[in-house]
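This is what each chain is made of:
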Amino acid sequence: MKTFNFLKKHFILLAVLFFLFIANTINQKFSKPLVILSKQSDTWNLNDEMVLRFNLGFKRLESSYLWISTILESDIEHYKDKNLNSWMFLRFNSISKLDPQFYENYAFGGPYLSIVKDDLEGASVIYDKGLLQFPNDFSLLRDAGFHYHFELGNYSKSYAIYSRLKNHKLSNPVIISNLARLEIEKGNPQLAFNLLLTQLKSIKDKDSFLAQKIKSHLYSIKAEMDLTCLNMFLKNCSVKDFYGKKYIYKNNIFAAAYNWQPYRLHIAKKRVSP
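Residues numbered from 1 in each chain as written. Predicted model: local features only at pLDDT ≥ 70, side-chain atom pairs only at ≥ 80, totals over all residues. Heavy atoms only, no water.

Colleague: Where do I start with unusual backbone geometry in this structure?
Modeller: Glycine aside, residues mostly have negative phi, and peptide bonds are mostly found in the trans state. Even without being glycine, N251 reaches a positive phi, approximately 55 degrees. Along the chain, N251 turns up in the loop between β1 (248-250) and β2 (253-255). The class of N251 is exposed, set by a relative accessible area of 66%. Look at N252: it is not a glycine, yet its phi comes out positive at around 65 degrees. Mapped onto the secondary structure, N252 falls in the loop between β1 and β2. Given the relative accessible area of 58%, N252 is considered exposed. (Helix = DSSP H or I, 4+ residues; strand = E, 2+ residues; numbered from the N terminus. Buried < 20%, exposed > 50% of the residue type's maximum accessible area, 1.4 Å probe, protein only.)

Take a look at the structure:
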């Protein structure tokens with residue numbers, strides 16, 4: 001009788017405990033489905049026209065806020081579409097409209113979109129905007145040249161950019177080598193030869209690996225020019241290679257004393273996004 005009265009008095013409490021036990025048991029046996037929202041789907045972006053019209057004169061404040069939030073929320077998910085709609089591109093593009101002189105927006109945004117996000121079209125837009133504002137900035141020119149040359153394989157664009165860097169004090173062998181290869185493709189082997197020869201003269205240690213590599217490229221370019229001239233029986237052809245050794249004439253064909261390969265572009269391969 002006492003037990004019945006106890007159950008009757010505490011029925012609600014016991015019922016709650018019972019159902020909690022059942023719920024806990026079910027929760028442990030059945031795992032909830034994992035729902036993952038990509039940053040692309042979860043991120044907000046502003047309408048550029050609205051921002052430009054209703055910024056109340058606080059363009060730099062808004063651009064700074066967008067910049068900080070973008071950096072904090074940045075992700076590494078590749079953007080596979082080519083429609084200029086990746087959330088990070090839209091943020092960088094909005095910042096460029098609010099504050100065109102925001103240098104870090106281009107210096108960071110271009111490489112991040114190109115290399116990390118794999119948004120090549122978006123990176124191109126940001127680089128182009130950056131070079132309009134900072135046409136002589138070495139870092140932007142170098143990174144944009146790399147982007148167009150190796151990521152997109154747009155050699156006409158990379159040629160225009162690298163040409164602006166050939167006499168820059170911060171220019172390096174990679175830039176000069178790329179430009180020389182582009183000159184070869186444009187039918188200017190002598191210009192390519194002169195570029196590399198100038199680069200070689202600037203190197204103090206002529207026995208270094210870099211110097212030896214440049215010498216081998218110079219040998220290839222000169223050999224191709226000279227042998228083409230000699231085997232076409234043209235006038236005023238050089239009869240000696242880059243090292244001063246005479247070309248060999250055998251079986252009615254002129255050949256070089258050393259093995260060489262044509263100095264050409266390394267054609268960019270399209271990257272496959274995972």
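Colleague: Which parts of the structure should I look at to understand helix α7 (residues 103-116)?
Modeller: Within an α-helix, residues lying three or four positions from one another point in the same direction, as the helix has 3.6 residues per turn. Relative to the 20 Å expected for 14 residues at 1.5 Å per residue, α7 spans 19 Å between its end C-alpha atoms, a close match to the ideal helical length. Those residues of α7 that fall on the buried side of the exposure criterion are N105, Y106, G109, G110, P111, Y112, L113 and S114. Packing partners of the buried residues in α7 comprise α5 (59-73), α6 (87-98), α8 (120-133) and α9 (138-151). Downstream of α7 by a residue or two, D118 has a phi angle that is positive, lying close to 65 degrees. (Expected span 1.5 Å × (residues − 1). Contact = heavy atoms within 4.5 Å.)

Colleague: How should I be thinking about the side chain of D241 in this particular structure?
Modeller: Tracing the backbone through its elements, the reader meets D241 in the loop between α13 (209-231) and β1. It is K222 that comes nearest to the buried, bridge-free D241 among opposite-charge side chains, at 6.8 Å. At 3.0 Å, the side chain of D241 and the side chain of Y219 are in polar contact. Here the side chain of D241 touches K245 through a polar contact of 2.8 Å, landing on its backbone nitrogen. Discounting chain neighbours no more than four positions away, the residues touching D241 are Y219, K222, Y247, A257 and Y258. (Lys, Arg positive; Asp, Glu negative; His and termini not counted. Salt bridge = Lys/Arg side-chain N within 4 Å of Asp/Glu carboxyl O. Polar contact = N/O pair within 3.5 Å; in protein donor to acceptor, adjacent residues only side chain to side chain.)

Colleague: I'm lost on the pattern of salt bridges in this one. Help?
Modeller: Once the charged atoms of two side chains with opposite charge are near each other, the side chains can pair. Summed over the entire model, instances satisfying the criterion amount to six salt bridges. Of the charged contacts, one joins E73 and R91 as a salt bridge, the two residues approaching to 3.4 Å between their closest N and O atoms. Taken together, the positions of E73 in helix α5 and R91 in helix α6 put the pair 18 residues apart, joining distant regions of the chain. Note on E73: relative accessible area 25%, which makes it partly exposed. Owing to a relative accessible area of 1%, R91 belongs among the buried residues under this scheme. The partner of R142 in a salt bridge is D143, and the shortest N-O contact between them spans 3.0 Å. Residue R142 is classed as partly exposed on the basis of its relative accessible area of 32%.

Colleague: Help me understand the nonpolar core, please; the structure alone is not making it clear to me.
Modeller: In terms of nonpolar packing, the biggest core is built from 45 residues, with L113, L196 and I221 touching the most fellow members. Ignoring anything within four residues of it in the chain, the contact list for I221 reads I184, P189, A192, F193, L196 and Y263. Membership of the second largest hydrophobic core comes to eight residues, among which are Y219, A223, L227 and L230. (Core = buried A, V, L, I, M, F, W, Y, C linked by side-chain atoms within 4.5 Å.)

Colleague: I tried to follow a nonpolar patch on the surface on my own but got confused; where do I start?
Modeller: Residues I115, F146 and F150 make up a contiguous nonpolar surface patch of about 260 Å² in total accessible area. Tracing the backbone through its elements, the reader meets F150 in helix α9. (Patch = residues over 30% accessible without salt bridge, like charges linked within 9 Å, V, L, I, M, F, W, Y side chains within 5 Å. Areas by Shrake-Rupley, 256 points an atom, 1.4 Å probe, with all protein chains shown as cover.)

Colleague: Where do I start with the confidence of the model for the protein chain in this structure?
Modeller: Interpreting fine coordinate detail is not advised for predicted regions of low pLDDT. Here the protein chain shows a mean pLDDT of 85. Residues at 70 or above account for 77%. α8 holds the highest mean pLDDT among the elements of the protein chain, 97, whereas helix α1 (residues 2-9) holds the lowest, 54. (pLDDT = per-residue confidence, 0-100.)

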